[in-house]
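# A look at the structure
Spelled out, the chains give:
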Amino acid sequence: VQLVESGGGLVQPGGSLRLSCAASGFTFSSYAMSWYRQAPGKERELVAVIRSAGSSTNYPDSVKGRFTISRDNVKNTVYLQMNSLKPEDTAVYYCNALRGLLNYWGQGTQVTVSS
């Protein structure tokens, strides 16, 4: 099983980034996919989840209206479009796959929002 994130980097406040997570080694379409983030000294927090069918998504208030999660069950990839980025969005962003007791994590990609 592999989850490989990409697309992180340095962006100015108000800018945008699109993260990708390429999955392999499991039946991607059967898993709920999520993005989490962890800032230094803070707990890991959920920022977006999309159900296996791809039609249901959820976001915390901190990113609602700015972040959009989507998935491509043909390419086995989940995306996180992040707009109107703020310095407080700075964190390592992790991709997660969940189905019942099966829970997989990627290695993370750094997002830094700074002028």
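Residues numbered from 1 in each chain as written. Predicted model: local features only at pLDDT ≥ 70, side-chain atom pairs only at ≥ 80, totals over all residues. Heavy atoms only, no water.

## A look at the state of the cysteines
Spelled out, the test is: A pair of sulfur atoms, both from cysteines and within 2.5 Å, is called a disulfide here. Numbering of helices and strands starts at the N terminus; helices are DSSP runs of H or I of at least 4 residues and strands are runs of E of at least 2. Only protein chains enter the accessibility calculation, which uses a 1.4 Å probe; a residue whose area is less than 20% of its type maximum is buried, one above 50% is exposed, and one in between is partly exposed.
All chains considered together, the criterion is met by 1 disulfide. Disulfide partner of Cys21: Cys95, at an S-S distance of 2.2 Å. Taking the sign of the torsion about the S-S bond as the criterion, the disulfide between Cys21 and Cys95, at about -80°, is left-handed. Remark: Cys95 occurs in strand β9 (residues 91–99) and Cys21 occurs in strand β3 (residues 17–24); sequence separation between them is 74 residues. With a relative accessible area of 0%, Cys95 lands in the buried category.

## Things to note about the pairing of β9
To be explicit about the condition: Criterion used throughout: strands pair if DSSP finds at least two bridges between them.
Sheet topology places strand β4 (residues 32–38) next to β9; 7 bridges connect them, and they run antiparallel. Its bridge partner being in β9, Arg37 is matched across the sheet by Tyr93. Sheet topology note: the β9/strand β11 (residues 109–113) ladder contains 3 bridges and is antiparallel. In the strand pairing of β11, Tyr93 is matched with Thr109. Sheet topology places β9 next to strand β10 (residues 102–105); 4 bridges connect them, and they run antiparallel. Its bridge partner being in β10, Ala97 is matched across the sheet by Tyr104. Linking β9 to β10, which pair antiparallel, is a turn of 2 residues; within it Gly100 sits at a positive phi near 60°.

## Quick word on the nonpolar core
Test applied: Among buried residues, the Ala, Val, Leu, Ile, Met, Phe, Trp, Tyr and Cys ones that are joined through side-chain atoms within 4.5 Å form a nonpolar core.
Among the nonpolar cores identified, the biggest contains 29 residues, and Met33, Trp35, Val78, Leu80, Met82 and Tyr93 are the most heavily contacted of them. Contributions of two or more residues to this core are made by β3, β4, β5 (45–50), β7 (67–72), β8 (77–82), β9 and β11.

## Quick notes on the sheet that holds strand β1 (residues 2–6)
This is how it is decided: Angular values range over 0 to 180 degrees, each being the angle between N-to-C directions of two axes fitted as lines to C-alpha atoms, with helices fitted over their stretch in contact.
Reading across the sheet, the 4 strands line up as β1-β3-β8-β7 and stay open at both edges, with antiparallel pairing between neighbours. Each end of this open sheet is capped by a strand with a single partner; those strands are β1 and β7. Across the sheet, the mean angle from the axis of one strand to that of its neighbour is 15°, orientation sign disregarded. Bridge count for β1 against β3 is 5 bridges, and the pairing is antiparallel. Looking across to β3, one finds that Leu3 is bridged to Ala23.

Taken by themselves, the reported measurements are silent on function.
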